[in-house]
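Chain residues, written in single-letter form:
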Amino acid sequence: MHKSRSLWQSNLGFLMAAIGSAIGLGNIWRFSYMAHEHGGGAFLVPYLVALAVAGIPIILLEYGLGHREKGSSPMVFARLSPRFELLGWWMPVVAMFGIMLYYSVVIGWCVNYFFHSFTLAWGSDPQTFFFNDFLQLSSSPAEFGGFRLPILLATALVWFSCWFICYRDIRHGIEVAAKIFMPLLLLLTAVIVFWTLQLDGAWEGIRDNYLSADWHKINFLAADPEARAAAARVWVAAFGQIFFTLSLGFGIMIAYASYLPAKTNLARNALITAAVNCGYSVFAGLAVFGIVGFMAFSQGVTFDEAIVGGPQLAFVVYPQAISLLPDFNSLFGALFFLVLIIAGLTSGVSLVEAFTCALTDKFNWRRKKVVTALCLLGITGSLIFTSRAGLYLLDITDHFITNYGLVLGGLLQCLIIGWYVGPEKLRQHINKLGSKVPQIWNFFIRYLTPLVLLILLLVAIRGDLA
Ligand code: PHE
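Each value, and the rule that gives it
- Residues numbered from 1 in each chain as written.
- Predicted model: local features only at pLDDT ≥ 70, side-chain atom pairs only at ≥ 80, totals over all residues.
- Heavy atoms only, no water.
- Helix = DSSP H or I, 4+ residues; strand = E, 2+ residues; numbered from the N terminus.
- Buried < 20%, exposed > 50% of the residue type's maximum accessible area, 1.4 Å probe, protein only.
- Contact = heavy atoms within 4.5 Å.
- Areas by Shrake-Rupley, 256 points an atom, 1.4 Å probe, with all protein chains shown as cover.
- Core = buried A, V, L, I, M, F, W, Y, C linked by side-chain atoms within 4.5 Å.
- Near = heavy atom within 4 Å.
- Polar contact = N/O pair within 3.5 Å; in protein donor to acceptor, adjacent residues only side chain to side chain.
- Nonpolar A, V, L, I, M, F, W, Y, C, P; charged D, E, K, R; others polar.
- Phe/Tyr/Trp six-rings, centres within 6.5 Å; stacked < 30°, edge-to-face > 60°.
- Patch = residues over 30% accessible without salt bridge, like charges linked within 9 Å, V, L, I, M, F, W, Y side chains within 5 Å.
- Salt bridge = Lys/Arg side-chain N within 4 Å of Asp/Glu carboxyl O.
- Lys, Arg positive; Asp, Glu negative; His and termini not counted.
- Charge placed at Lys NZ, Arg CZ, Asp CG, Glu CD.
- Expected span 1.5 Å × (residues − 1).
- Bend = angle between axes of the 7 residues up to and from the residue.
- Arc of directions from axis to C-beta.
- pLDDT = per-residue confidence, 0-100.

Peer 1: Help me understand the overall build of the chain in this model?
Peer 2: The helix and strand inventory of the chain stands at 19 helices and 0 strands. Projected onto the principal axes, the alpha-carbon positions of the chain cover approximately 60 × 55 × 45 Å. Evaluated residue by residue, the chain yields a buried proportion of 61% over its 466 residues. Here the analysis covers contacts within the chain between residues at least 6 apart in sequence; of these, 82% occur between residues at least 24 apart. Summing over all exposed atoms, the chain offers an accessible surface of approximately 17,900 Å²; the carbon and sulfur share of this is 68%.

See below:
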């Protein structure tokens, strides 16, 4: 009854799917509002440190584990020791219910805004349009206020698309979709960035706010306790962002690597995934900071007056800028939201796949049934985020999942591999296959990465209690 495991057709197909999971709304929508909130260009420093200290070591760990044990995260951890199985479940469950439920709704917003671009439906006041007309945001998170039908329909469409792709298996579904969507995504993003760079004021916006850094914002050793606490929050946010953007701590990369053939260069794949993903974020950031610079220039205001922080950046600032463009506004708007939709879908698929893989591995259930059941459950769960209180709930969920859920997942993985299994075993497995991981990786997984993650958790808890 045991079926042989599906495999990617080619390494390139795997890479595209893994990069497709990594590049998502997080790279454009989340990265840019994080960067803006946390000191513009200065944010890149903790971001890159987080990449080196946690991102790359843990992506290597997840690829290595998934590939060596050939299984989804629950199976992999159960094989290490039955008492770790629960951690293995925690990861895809958090991915699915902590992230995908709201992630699909944000892609749904993008679908709506894609259509709104054609008529510039947001008029002259995109902020009021977004909060009052589109979300019809209730006055508090406790006030549920009913569902928004356009958002609900678009979210259902997103779930349907993920269902359609995952239903068709790894090679015929996820890999085919990645091979179509990823080149398209890179191309469209390049169009948007170069288009933006042509606009008046764009370059000044980038130069003064993205390429220059306010070092005080990240100085966690500052004398003033308030500045110190604020800087610590920036570091927590940067680590959270790295986990989110590389899809780490969810069991996704474990599942994806489990579908790789026996001979494959894991270390090289890990580096390529991380580099392309983070390079993409920094590149897409040019479009966001550029467009705000253009807006500031056109309206004769400062950069800080032109920008609105938070998750609404893409849905308030962008529409406003789109309306101000000298020509082809609708085309630009539609392209921008299409980029978000494509980026989001390939990530959404990986979130569904992580849980699917866990269930099919454990119970030997048929993939088609599992995917159908999960997507039905998912759309039902997403309902809550399509309500009029959706934006508040999204903010709260995102905060807790990224700052605690993922970081905790990463920390526990490091402890188990570092102290129970021994990183050397995993390193040798990876090294047998191609490019070599240096020995210092063992030190990272055992000491440095978990220590830093532990400190971050404590800082996050302290910040939330304050
Ligand atoms: N990495 C994706 C992004 O940056 C989001 C994601 C998170 C995808 C978790 C899968 C798992 O948007």
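Structure's up, so let's keep going.
Peer 1: Please explain the nonpolar core as it appears in this structure.
Peer 2: Looking at soluble globular proteins, one finds that nonpolar side chains tend to be buried together. By size, the foremost hydrophobic cluster in this structure holds 179 residues, and its most contacted members are Trp 109 and Phe 315. When near neighbours in sequence (up to four residues on either side) are disregarded, Phe 315 contacts Trp 29, Val 106, Trp 109, Cys 110, Tyr 113, Pro 126, Phe 130 and Phe 337.

Peer 1: I tried to follow the site of the ligand on my own but got confused; where do I start?
Peer 2: Inspection of the region around the ligand gives 15 residues, with Ala 22, Gly 26, Tyr 103, Phe 244 and Phe 250 positioned closest. Asn 27 places a polar side-chain atom, nitrogen or oxygen, 3.2 Å from an oxygen atom of the ligand. Between the ligand and Thr 245 there is a distance of 3.1 Å, counted from a nitrogen atom to a backbone nitrogen or oxygen. Elements that contribute at least two residues to the shell around the ligand include exactly α1 (11-22), α2 (25-37), α10 (225-245) and α15 (329-363). The class makeup of the residues in the shell around the ligand is 7 nonpolar, 8 polar and no charged.

Peer 1: What is the right way to look at the packing of aromatic side chains in this model?
Peer 2: Going through the model one piece at a time under the given rule, you end up with 43 aromatic pairs. Seen from their ring centres, Trp 109 and Phe 315 are 5.2 Å apart, and the 85° between their planes marks the pair as edge-to-face. A residue pair is termed long-range when its members are at least 10 positions apart, and Trp 109 in helix α5 (residues 85-119) and Phe 315 in helix α14 (residues 313-324) qualify at 206 residues. Accessibility expressed as a relative area gives 1% for Trp 109, which makes it buried. For Phe 315, a relative accessible area of 1% gives the class buried. Here the aromatic rings of Tyr 113 and Phe 134 are separated by 5.1 Å at their centres, their planes lie at 90°, and the arrangement is edge-to-face. In this pair, Tyr 113 is assigned in helix α5 and Phe 134 in helix α6 (residues 126-134), connecting sequence segments 21 residues apart.

Peer 1: What is the right way to read a positive patch on the surface from this model?
Peer 2: On the surface, Arg 168, Arg 366, Lys 368 and Lys 369 cluster together to form a positively charged patch. Within the secondary structure, Lys 369 sits in helix α16 (residues 367-382).

Peer 1: Looking at this structure, how should I read the pattern of salt bridges?
Peer 2: Close approach of charged atoms lets side chains of opposite charge pair. A complete count under the given rule lists 9 salt bridges for this structure. Between Lys 362 and Glu 85 there is a salt bridge, with its nearest N and O atoms 2.9 Å apart. Of the two residues, Lys 362 sits in helix α15 while Glu 85 sits in helix α5, which places them 277 residues apart along the sequence. In this structure, Arg 367 engages Glu 353 in a salt bridge whose closest nitrogen and oxygen atoms are separated by 2.9 Å. Remark: Glu 353 occurs in helix α15 and Arg 367 occurs in helix α16; sequence separation between them is 14 residues. In this structure, Arg 367 and Glu 353 share a single accessibility class: buried.

Peer 1: Would you take a moment to explain α5 for this structure?
Peer 2: Side chains that are three or four residues apart share a direction in an α-helix, a result of its 3.6 residues per turn. With 35 residues, α5 should reach 51 Å at 1.5 Å per residue; the first-to-last C-alpha distance of 51 Å fits that figure. Of all the bends in α5, the greatest, near 40°, is centred on Met 100. Buried residues dominate α5, accounting for 28 of its 35 residues. Directly beyond the C-terminal end of α5, a positive phi value near 50° is found at Leu 120.

Peer 1: Just to check I follow, could you spell out helix α4 (residues 73-80) for this structure?
Peer 2: The complete set of buried residues in α4 reads Ser 73, Pro 74, Val 76, Phe 77 and Leu 80. Mapping the buried residues of α4 onto a view down its axis gives an arc of 165°, with all of them on the same face. For α4, the elements touching its buried residues are α3 (44-69), α5, α11 (252-258), α15 and α17 (390-421).

Peer 1: Teacher, can you tell me more about a nonpolar patch on the surface here?
Peer 2: On the surface, Trp 90, Leu 408, Leu 412, Leu 415, Trp 419, Ile 440, Phe 443 and Tyr 447 cluster together to form a nonpolar patch covering roughly 740 Å² of accessible area. Where the nonpolar patch is concerned, the elements lending two or more residues are α17 and α19 (440-465). With 4 residues, the single largest contributor to the nonpolar patch is α17. For Phe 443, the location among the structural elements is in helix α19. Classification of Phe 443 by relative accessible area gives partly exposed; the value is 42%.

Peer 1: I would appreciate a short explanation of the environment of Asp 200 in the present structure.
Peer 2: Relative to the helices and strands, Asp 200 resides in the loop between α8 (169-197) and α9 (202-209). Considering only alpha carbons, one finds Asp 200 and Phe 294, 94 residues apart in sequence, at a separation of 5.6 Å. With near-sequence residues (within four places) excluded, Asp 200 lies in contact with Gly 293, Phe 294 and Phe 297.

Peer 1: Explain the confidence of the model for the chain to me, please; I cannot follow it from the model alone.
Peer 2: Low-confidence regions, as indicated by low pLDDT, have predicted coordinates that should not be scrutinised in detail. With 99% of its residues at a pLDDT of 70 or more, the chain has an overall mean of 93. The least confident element of the chain, judged by mean pLDDT, is α2 at 88; the most confident is α1 at 98.

Peer 1: So what exactly am I meant to see when it comes to unusual backbone geometry here?
Peer 2: Most peptide bonds are trans, and most residues other than glycine sit at a negative phi. We note that Leu 120 has phi near 50°; this positive angle belongs to a residue other than glycine. Locating Leu 120 in the fold gives a position in the loop between α5 and α6. Residue class for Leu 120 comes out partly exposed when judged on its relative accessible area of 25%. Even without a glycine there, the phi angle at Asn 364 is positive, about 60°. With respect to the helices, strands and loops of the structure, Asn 364 is situated in the loop between α15 and α16. According to the relative accessible area criterion, Asn 364 is partly exposed, its value standing at 23%.

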